[in-house]
Each structure stands twice: as structure tokens, then as C-alpha cells.
Amino acid sequence: MYWAAMIWLVLLVLFVIAEAATVTLVSLWFAVGAVAAMAAALLGASAWVQFGIFALVSTVLLLLLRPLVRRYVTPKLTATNADSVIGTVGLVTVAIDNTAGTGQVKLGGLYWTARSTTGAPIPLDTQVRVDRISGVKVYVTPVTVSAPVSSPV
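Notes on the structure in this doc start here. Sequence order as written defines the numbering, with residues in each chain counted from 1. It should be noted that, the model being predicted, local features are given only for residues of pLDDT at least 70 and side-chain atom pairs only at 80 or more, the latter also being counted only at that level, while totals for whole chains, interfaces and linings use all residues. Excluded from the side-chain calculations are hydrogens and water; all other atoms, namely the structure's heavy atoms, are used.

1. Here we look at the overall build of the chain
Here is step 1 of the chain: Each helix is a run of DSSP H or I of at least 4 residues and each strand a run of E of at least 2, with the numbering of both proceeding from the N terminus. When helices and strands are counted, the chain shows three helices and five strands.
Here is step 2 of the chain: Scanning the chain from its N terminus toward the C terminus, one meets helices and strands in the order α-α-α-β-β-β-β-β.
Here is step 3 of the chain: Whether a residue is buried, partly exposed or exposed follows from its accessible area with a 1.4 Å probe, protein chains only, as a fraction of its type maximum: under 20%, in between, or over 50%, in that order. Counting across all 153 residues of the chain, residues that qualify as buried make up 25%.
Here is step 4 of the chain: We call two residues in contact whenever any of their non-hydrogen atoms come within 4.5 Å of each other. Taking the contacts inside the chain whose residues are at least 6 apart along the sequence as the reference set, 48% of them involve residues at least 24 apart.
Here is step 5 of the chain: Throughout, the Shrake-Rupley method with a 1.4 Å probe supplies accessible areas, and for residues the shown protein chains are the sole cover considered. Working note: accessible area of the chain is about 10,100 Å², and carbon and sulfur atoms make up 69% of it.

2. Thoughts on the packing of aromatic side chains
Here is step 1 of the chain: Ring geometry is summarised as follows: Phe, Tyr and Trp rings, the Trp one being its six-membered ring, pair when their centres sit within 6.5 Å, and such pairs are stacked at plane angles under 30 degrees, edge-to-face over 60 and tilted between the two. Taken as a whole and assessed by the stated rule, the structure comprises five aromatic pairs.
Here is step 2 of the chain: Considering the side-chain rings of Trp8 and Phe54, the 5.1 Å spacing of their centres and the 40° angle between planes classify their relative orientation as tilted. Separated by 46 residues along the polypeptide, Trp8 in helix α1 (residues 2–22) and Phe54 in helix α3 (residues 47–73) bring together distant segments of the chain.
Here is step 3 of the chain: Note on Trp8: relative accessible area 8%, which makes it buried.
Here is step 4 of the chain: When the ring of Phe15 is compared with that of Phe54, the centres are 6.0 Å apart and the planes differ by 15°; the resulting orientation is stacked. Separated by 39 residues along the polypeptide, Phe15 in helix α1 and Phe54 in helix α3 bring together distant segments of the chain.
Here is step 5 of the chain: Ring pairs connect the aromatic residues Trp8, Phe15, Phe30, Phe51 and Phe54, which therefore count as one cluster.
Here is step 6 of the chain: Remark: a charge is flagged as sitting over a ring if the NZ atom of Lys or the CZ atom of Arg is within 6 Å of the ring centre and within 35 degrees of the ring normal. Positioned over the ring face of Tyr139 is Arg132, at 4.0 Å from the centre of the ring.

3. Topic: helix α2 (residues 27–42)
Given 3.6 residues per turn, any residue in an α-helix points the same way as the ones three and four places further on.
Here is step 1 of the chain: The span you would expect from a helix comes to 1.5 Å times its residue count less one. The terminal C-alpha atoms of α2, which comprises 16 residues, lie 22 Å apart, in line with the 22 Å expected from a rise of 1.5 Å per residue.
Here is step 2 of the chain: Listed in full, the buried residues belonging to α2 are Ser27, Trp29, Ala31, Gly33, Ala34, Ala37, Met38, Ala40 and Ala41.
Here is step 3 of the chain: Buried positions along α2 lie against α1 and α3.
Here is step 4 of the chain: Gly44, located one to two residues past α2, shows a positive phi value of around 90°.

Next up, the structure:
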């Protein structure tokens, strides 16, 4: 039965390599299942019992421990104040020209270096909406302001 233990050892190594390559916390639980099956093989269990132990241990650990471990391993993303600028409307204070590398907008009392999202120039005093931020630059598109509807007199 030592040949069965060697097969489980090879599978253990493959699962550990797969986990190291992907870091998804999936193969890790199968590696632990392979250890349990290898122990069963060394104790003389039949192939069906070994496979059953492998499947049971792997499934239980995957379903119960993976969500708990991911909560502590996954980094927490913290939103910054700059993220709150996305979607806001501001005013162009220096004409935006991506080719010349010029452009500035005023957003909530602060001045930001600006670029056009589409690449088209945006003239001075145009209202723009922030699409995204890259470093200290905001990428904006002009806001289309609809003309007020006049009522008949």
C-alpha cells in the first residue's frame, strides 16, 4: 500500500504547486485532503476509503474554511476622497488640449489638472463631468446642457 501513499504524496505536491501559482485558496484544501488520504493509505485503507476521505476532507474544508480565510487574506480597499470626485461636474478654467498637455478644471473649490477623455479639445468655461482619475489628473467630458423650454405666453 506504500505505492498508494506515494500517489497521494505526488498529488499533494501538485496541489501545493497549483496553490502557489494561483493563490486562490482552492488547491490548498485539496492538498490537506491528500494528506488525510495519504495517512489512510499508510494505515492500510482501501483505495475507495482513501478517495472518500480525500473527497470528504477537501469538500468540508473548502466549504467551511475558505470563506473565513479569504476574509483575512484579501486586502481591504479603502476609498479615498479623490474617488468622490468621479461623476462630479466642474468648470474648465484653462482650455483642455491633450496634444498640448494643457487643461485645468475647478471641482468643488479645488483646481485639478485635466485631460479630455475623448481626446477632443474642450474650450474655457465649459461644464465638464469627471469620468476617471489617473494620478493627479482628472479625465473629463463636456456636459451637454439642454436649453430651457420656453412656455407660450
